[in-house]
Amino acid sequence: MNAAATTTTDQSLLTSAATKELKTDFPDWLSPVLVKELRQGLRTKMFTGMFITLHAVMVLMVSIWSLMENQSSDSEFLTGLFWTLTGFVVLLGMPSRGLTALQTEQKAQTLELVQMSELTSFRIVFGKWLAIALQTVLLVVSVLPYALLRYFFGRVDVMEDAQVLGWMLAGSLVLTAFAVAASVLGAVARGLIIFGVIFFGNYAGVIFAFSRFGGGGMFGGVSSVGGSAVLTYVFTALLMAAYTWLALEEAATFIAPISENHASRKRAGALVVLGLVVAAGLLGGTRLLEIVAVWATPFLAWVCVGALLQMTSPLPVIYRPWTRRGVPGTLAGKFLYPGWATGVLFLVGTTLGFCGFLFWLNPPSRDVDLRLWLGLANLILGLLSPLPFLILFKTKAKFRVWAYIFFQALCCLAAAITVGLSSFNQDGAARVFAFLPTSLLFIGSNESDPVLLGYFSIVTMITGTVILGFLGVHMLREFRFISRMEALSRGEKGTRGVG
């Protein structure tokens with residue numbers, strides 16, 4: 001008995017020592033997805049090839065710089081080559097690796113095994129993005145010595161070069177997040193993303209490389225924005241972080257089980273971005289508000305349109321975090337629950353709040369009041385107009401995005417045709433296509449005829465009554481279903497089953 005007890009004690013001590021040693025191992029401090037992706041990513045031929053090629057070209061350029069007799073006047077071409085190559089690797093090469101981040105797991109059918117490791121979908125996506133981001137940071141840090149040598153050979157501004165490298169790195173992180181989000185899409189959508197990454201990556205690389213020759217630098221005019229460069233940098237960094245987070249949330253939504261609620265998180269993120277617009281208006285000048293508002297608009301539109309395309313969740317567990325907070329949580333859930341009915345309320349509330357704050361800071365003049373309110377009404381109706389067709393034809397969830405884009409593309413085409421015909425005094429086309437809110441949004445903004453504006457106002461009221469009336473009837477049915485789900489989430493007895 002004593003020998004057996006001694007053996008058991010020794011095994012326990014060995015197990016405890018092994019566990020303690022395991023906890024002190026550096027990889028175990030990090031996410032398992034991050035460790036796996038870093039180990040595999042650093043060994044890939046693509047990363048190794050880019051790293052070796054980048055440094056080989058940098059060494060060659062430094063050698064040429066050292067042999068030049070007049071570095072200050074003869075190195076413009078090499079300076080452009082330096083920034084072009086750096087931008088190509090940082091803004092194009094590394095983000096493109098994210099296009100296969102989740103596709104590889106899907107092809108190997110190992111995504112379910114990873115999800116069984118008690119990691120949430122967002123942590124899986126975040127780990128894959130962070131692995132590529134850390135490899136990008138490694139490349140950028142390895143370029144710093146060459147940027148410092150340029151100061152001795154070319155008499156350049158080291159701080160400005162560091163600033164450009166920092167913005168390159170930030171842009172690369174955002175593009176990498178979008179690439180990871182695109183890795184779960186189909187071949188056609190992924191091809192469009194690849195084209196966008198290549199186009200904008202090359203464009204940004206050329207801008208970074210050659211815009212500095214005109215004097216004043218790449219960000220020379222930033223200091224005049226709102227009278228404070230610090231505020232501009234802070235809000236720019238926050239917006240870039242917001243877009244990165246949103247792209248990762250979209251990727252997590254694609255691979256998440258239906259029990260995970262990412263819709264409410266994205267809508268809460270939109271409210272945070274709306275708060276950034278308010279803060280920019282209160283803390284900065286008018287110019288800073290304009291910049292933040294312009295860059296926040298795609299974020300808000302992305303979330304609002306995505307909310308319209310969601311299906312109402314049939315799982316009571318989705319509603320439990322809200323209903324257990326009582327009446328305030330339930331009221332907030334009416335705007336944040338997943339589903340198109342709550343998405344309509346969220347879109348209308350967000351749009352009115354966003355535009356109302358801008359109008360409060362910059363009140364419009366009286367002579368443009370009619371066109372302004374007409375445009376706001378058609379903006380909301382234009383975003384809502386495809387929804388009745390999606391409901392009537394019972395479009396499946398996976399086809400809703402393409403159907404929505406196709407409908408809006410037809411409306412924009414009608415607006416383009418109308419504007420073209422209006423230049424030939426063909427007002428009849430404008431009267432016909434005015435019943436499409438998206439089309440009228442573009443037509444009415446350029447119209448100054450009081451008679452035609454009055455006609456557009458009547459058409460807007462008729463169209464709005466039809467669209468909102470149709471949606472209102474179906475929203476009542478959706479909210480009755482949501483009420484049943486709320487009752488089930490509270491465990492109330494006597495609730496009727498879900499049909």
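Residues numbered from 1 in each chain as written. Predicted model: local features only at pLDDT ≥ 70, side-chain atom pairs only at ≥ 80, totals over all residues. Heavy atoms only, no water.

Draft legend 1. Summary view of the confidence of the model for the chain. Across the chain, the average pLDDT comes to 80, with 78% of residues at 70 or higher. Confidence drops under a pLDDT of 50 for residues 205–227, and excluding neighbours within four residues, the segment shows 47 contacts in the predicted structure. Low pLDDT, under 50, characterises residues 494–499; the predicted model gives this stretch eight contacts beyond four residues in sequence or across chains. (pLDDT = per-residue confidence, 0-100. Contact = heavy atoms within 4.5 Å.)

Draft legend 2. Fine view of the nonpolar core. Among the nonpolar cores identified, the biggest contains 53 residues, and V277, F299, W340, L384, L387 and L471 are the most heavily contacted of them. Ranked by the residues each element gives to this core, the list is headed by helix α13 (residues 286–308), at 11 residues. With sequence-adjacent residues up to four places away left out, W340 is seen in contact with A307, L308, Q310, L387, I391, R400, L471, H474, M475 and E478. Listed in part, the 25 residues of the second largest apolar core include M58, M94, V140 and V143. (Core = buried A, V, L, I, M, F, W, Y, C linked by side-chain atoms within 4.5 Å. Buried < 20%, exposed > 50% of the residue type's maximum accessible area, 1.4 Å probe, protein only. Helix = DSSP H or I, 4+ residues; strand = E, 2+ residues; numbered from the N terminus.)

Draft legend 3. The layout of surface pockets, seen in detail. When its volume is computed, the second largest pocket comes out at roughly 500 Å³. Around the second largest pocket sit 22 residues that line it, and T351, F354, C355, L376 and L379 are the ones nearest its centre. For the lining of the second largest pocket, the secondary-structure elements that each account for two or more residues are α13, α16 (340–361), α17 (369–384) and α21 (437–444). Looking at the lining of the second largest pocket, the element that brings in the most residues is α17, giving eight residues. (1 Å grid on protein atoms, 1.4 Å probe; cavity = no way out; pocket = protein on both sides within 12 Å on 5 of 7 lines; lining within 4 Å. Points joined across faces, edges and corners; volume = space filled by probe spheres on them.)

Draft legend 4. Just the state of the cysteines, in detail. Evaluation of the coordinates by the stated rule reveals zero disulfides. Cysteine C412 remains unbridged, with the sulfur of C411 as its closest cysteine sulfur at 6.9 Å. (Disulfide = S-S within 2.5 Å.)

Draft legend 5. Geometry of the packing of aromatic side chains. According to the stated counting rule, one finds 12 aromatic pairs in the structure shown. Seen from their ring centres, Y243 and F299 are 5.5 Å apart, and the 80 degrees between their planes marks the pair as edge-to-face. In this pair, Y243 is assigned in helix α11 (residues 229–255) and F299 in helix α13, connecting sequence segments 56 residues apart. As far as burial versus exposure is concerned, Y243 and F299 are alike and both buried. Judged by centre distance (6.0 Å) and plane angle (40 degrees), the ring pair of F357 and W360 falls under tilted. Of the two residues, F357 and W360 are both situated in helix α16; the distance of three residues between them amounts to about one turn of the helix. Among the aromatic residues, those joined into a cluster by ring pairs are F122, F126 and W129. The positively charged end of R265 is found above the aromatic ring belonging to F122, 5.1 Å away from the centroid. Positioned above the aromatic ring of F346 is the side chain of R267, whose terminal nitrogen or guanidinium carbon lies 5.8 Å from the ring centre. (Phe/Tyr/Trp six-rings, centres within 6.5 Å; stacked < 30°, edge-to-face > 60°. Lys NZ or Arg CZ within 6 Å of the ring centre and 35° of its normal.)

Draft legend 6. Broad picture of the packing of helix α12 (residues 263–283) against α13. At a closest axis distance of 9 Å, the pairing of α12 and α13 adopts a crossing angle of 165 degrees. As judged from the angle between their axes, α12 and α13 are roughly antiparallel. Considering only the axes of α12 and α13, their crossing is left-handed. Residues K266, R267, G269, A270, V273, L274, L276, V277, A280 and G281 of α12 form the contact with α13, whose participating residues are L288, L289, V292, A293, A296, F299, L300, V303 and A307. Looking at the contact of α12 with α13 residue by residue, the class counts come to 15 nonpolar, two polar and two charged. (Axes fitted to C-alpha atoms, helices over the stretch in contact; angles between N-to-C directions. Parallel < 35°, antiparallel > 145°, perpendicular 65-115°, else oblique. Left-handed = near helix turned anticlockwise from the far one by under 90°. Nonpolar A, V, L, I, M, F, W, Y, C, P; charged D, E, K, R; others polar.)

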